[in-house]
Amino acid sequence: MQTTSVQTLSLFERLGGSSGIERLVDEVANRHLENPVITARFRPFLDSPHKLDALKLHLARFLEAGSGGPPRYEGRDMRTAHRGMNISPAEYMAAVDDIVGALAHLGADEQTRKDVLAIAWALKEDIIQL
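Bear in mind the structure is a predicted one, so any value in this text is a computation, not a measurement.

**A look at the environment of Glu 27**
Assignment of secondary structure puts Glu 27 in helix H2 (residues 17-34). In this structure the C-alpha to C-alpha distance between Glu 27 and Ile 127, which are 100 residues apart in sequence, comes to 21 Å. Those residues in contact with Glu 27 that lie beyond four places of it in its chain are Ala 102, His 105 and Leu 106.

**So, the packing of aromatic side chains**
The relative placement of two aromatic rings is captured by the distance of their centres and the angle of their planes. A full pass over the atoms with the stated rule returns 3 aromatic pairs. When the ring of Phe 62 is compared with that of Tyr 73, the centres are 5.2 Å apart and the planes differ by 75°; the resulting orientation is edge-to-face. Remark: Tyr 73 occurs in the loop between helix H4 (49-66) and helix H5 (78-82) and Phe 62 occurs in helix H4; sequence separation between them is 11 residues.

**Remarks on the pattern of salt bridges**
Under the criterion given, the structure shown has 10 salt bridges. The residue Glu 91 makes a salt bridge to Arg 41 at a minimum N-O spacing of 2.8 Å. Taken together, the residues span a long stretch of sequence, with Glu 91 in helix H6 (residues 89-105) and Arg 41 in helix H3 (residues 39-42) at a distance of 50 residues. A salt bridge links Glu 110 to Lys 114; the shortest N-O distance between them is 3.2 Å. Remark: Lys 114 and Glu 110 occur in helix H7 (residues 110-122); sequence separation between them is 4 residues, near one turn of the helix. Linked through salt bridges whose partners overlap, the residues forming this network are Glu 22, Arg 61, Glu 64 and Arg 72.

About the thresholds
Residues numbered from 1 in each chain as written. Predicted model: local features only at pLDDT ≥ 70, side-chain atom pairs only at ≥ 80, totals over all residues. Heavy atoms only, no water. Helix = DSSP H or I, 4+ residues; strand = E, 2+ residues; numbered from the N terminus. Contact = heavy atoms within 4.5 Å. Phe/Tyr/Trp six-rings, centres within 6.5 Å; stacked < 30°, edge-to-face > 60°. Salt bridge = Lys/Arg side-chain N within 4 Å of Asp/Glu carboxyl O.

Everything listed is a geometric property; what it means functionally is a separate question.
So this is what it looks like as C-alpha cells:
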C-alpha cells in the first residue's frame, strides 16, 4: 500500500495496484472469517477453498475497476450479488469495519481509507436487506 497521500495518484495506485488490492482482499477475508457478527456467512467457504478463492478474485477485480484500475470485473452487480442474502445493517457495518481495519493494518493513509469507505457507503443500499 502507498503510505503517503499523493493527490495525483488514483485510488487504484494508492491501494498498491492489483497486487495491493489482492493483499487487501486477503486481509479482509481473514477478518471476516474471525468477525463474530459475520463469520457464519463466510465459514462455509473454508470447506470449499476454490469458492473462497473465486469470491476473493471477484472482489479484487471489482475493487480494481471501482478504484481506477483495469476494468476486468465481469461479475454481477452488487444488488444482484447480494439479493436474497438479507444482510442486516449490523452485518454490513461489521464488514465495513473489517475493510477499514484491513486498510489501516496494511498501511493505507487516511485519505485512502476515507475514499474506500465512501465507495463502501455508496454501495450500502445495494447490499443491505435484499
